[in-house]
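Structure assessment
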Amino acid sequence: MLMESKKYETTALLKKVIATAHNITYLEVPQYGDPRRDAYLACHYVKERGDPALHSVKWYRDNNEIFRYMPGQQPSTRTFNTTGGVTRGTCDENKCSISVALPKRFNTRISFTCEVSTEGPRFEVVNQTKYLTVAVTLKEDPVISGLPGSVQVGEDVLLNCSTGPAMPPANIIWYIDGRPEKMEQWMSMNDHTEVSTADDYGLRSSWRPLRFRVTTVRAAISLTCEATQPTRPSFTRSTNLTLAVARSPHLSMFTASGSNPSSITAATVVASMLVHTLSKYSALSDK
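We now turn to the structure provided with this report. Note that the structure is a prediction, hence the values are computed from the model and not measured.

With the rule as written, the count across this model stands at one aromatic pair. Taking 5.5 Å as the distance between ring centres and 80° as the angle between the ring planes, the aromatic pair formed by Tyr32 and Phe235 counts as edge-to-face. Of the two residues, Tyr32 sits in strand E2 (residues 32-33) while Phe235 sits in strand E18 (residues 235-244), which places them 203 residues apart along the sequence. Positioned above the aromatic ring of Tyr201, the side-chain terminus of Arg36 is 5.3 Å from the ring centre.

Next up, the structure:
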């Protein structure tokens, strides 16, 4: 009986503690933040039935307090001078939002914590933490250029995949029919991603060519260009397309397989002469 009584008291105490703390319903912290502009953060909380009044809302960057809201004081908000401090803050009984300047160092990972406490005598505290990575992520999918209308078996294909400016720059991988590209030694070109020089904002574009020979007898080849930024977590955008494989030979097949253009021209002339001779013979026979 004594054990059951203590268990009941413990359960009741836990319920009381939970009932005396505000509940953070949602913490808005973007996964990536552009250092060229302030990051917007917001902490949403609700007063449950039986909760004491709100005492304070505090924002922490890593382990440093950067902003405090105390509705019972005047002024009710206070900003702390830290690196990358708060530029603006607006709070009330249900929400506390701030704008924060970000460092110019790309791929920096920052933790932001919202801490909500209620009035005494218990001053119960709840908090949530989320992480932001300083990066300029790709705004659009990569672009594939050089795509022919169709290809023939034995034909060499040369494509290029490029991205817009971003930081850190993206690494590009090609996939052919769902498998990463496997370049033959005799066809090797750039086996890595090329990166441009930095623009005025320090951003860099990426590109990577792909050259392969059509060997499949299927009607189409699936191609994917995947661009991944090495952030934490990584950020990826991709583009997919289908390359049609023609069933009948065309001129590009001969040029792609290494035939001499002059030999093709000579063959065309011989064929024309033969047609002309046959036509002339047919005309004489009619007479």
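One pass over the structure, following the stated rule, counts eight salt bridges. Glu65 is the salt-bridge partner of Arg68, the closest N and O atoms lying 2.8 Å from each other. Comparing Arg68 with Glu65, the two get one shared label, buried. Between Asp177 and Arg218 there is a salt bridge, with the nearest N and O atoms lying 2.6 Å from each other. Of this pair, Asp177 sits in the loop between strand E13 (171-176) and strand E14 (179-180) while Arg218 is found in the loop between strand E16 (206-213) and strand E17 (220-229), placing the two residues 41 residues apart along the sequence. One salt-bridge network, held together by shared partners, links Asp34, Arg36 and Arg37.

Turning next to the environment of Arg68. For Arg68, the location among the structural elements is in strand E5 (residues 64-69). Residues Arg68 and Cys91, spaced 23 residues apart in sequence, show a C-alpha to C-alpha distance of 9.5 Å. Dropping the residues within four chain positions of it, Arg68 is found in contact with Val57, Lys58, Ser76, Thr77, Arg78 and Phe80.

Time to look at unusual backbone geometry. At the junction of Gln74 and Pro75, the peptide bond is cis and its omega measures out at -5° in the coordinates. Within the element layout of this structure, Pro75 appears in the loop between E5 and strand E6 (77-79). A cis geometry characterises the amide bond from Met167 onward to Pro168, with omega recorded as 0°. A positive phi angle is found at Asn107, which is not glycine, with a value near 70°. Relative to the helices and strands, Asn107 resides in the loop between strand E8 (95-100) and strand E9 (109-118).

Criteria and cut-off values
Here, residues in each chain are numbered from 1, in the same order as that chain's written sequence. Reporting in this predicted model follows two pLDDT cut-offs: at least 70 for local features of residues, and 80 or more for side-chain atom pairs to be given and counted; totals over whole chains, interfaces and linings ignore these cut-offs and use all residues. To get the side-chain values, take all heavy atoms of the structure and skip hydrogens and water. Any pair of Phe, Tyr and Trp rings, taking the six-membered ring for Trp, is counted once the centres come within 6.5 Å. Such a pair is stacked with planes under 30 degrees apart, edge-to-face with planes over 60 apart, and tilted for the rest. Here a helix means four or more residues in a row that DSSP labels H or I, a strand means two or more in a row labelled E, and each is numbered from the N terminus. Working rule: Lys NZ or Arg CZ, within 6 Å of ring centre, within 35 degrees of ring normal, means a charge sits over the ring. Between Lys or Arg on one side and Asp or Glu on the other, a salt bridge is scored when a side-chain nitrogen of the former is within 4 Å of a carboxyl oxygen of the latter. In this scheme, a residue with accessible area under 20% of its type's maximum is buried, one over 50% is exposed, and one in between is partly exposed, where area comes from a 1.4 Å probe on protein chains only. Contact criterion: two residues are considered in contact whenever any of their non-hydrogen atoms come within 4.5 Å of each other.

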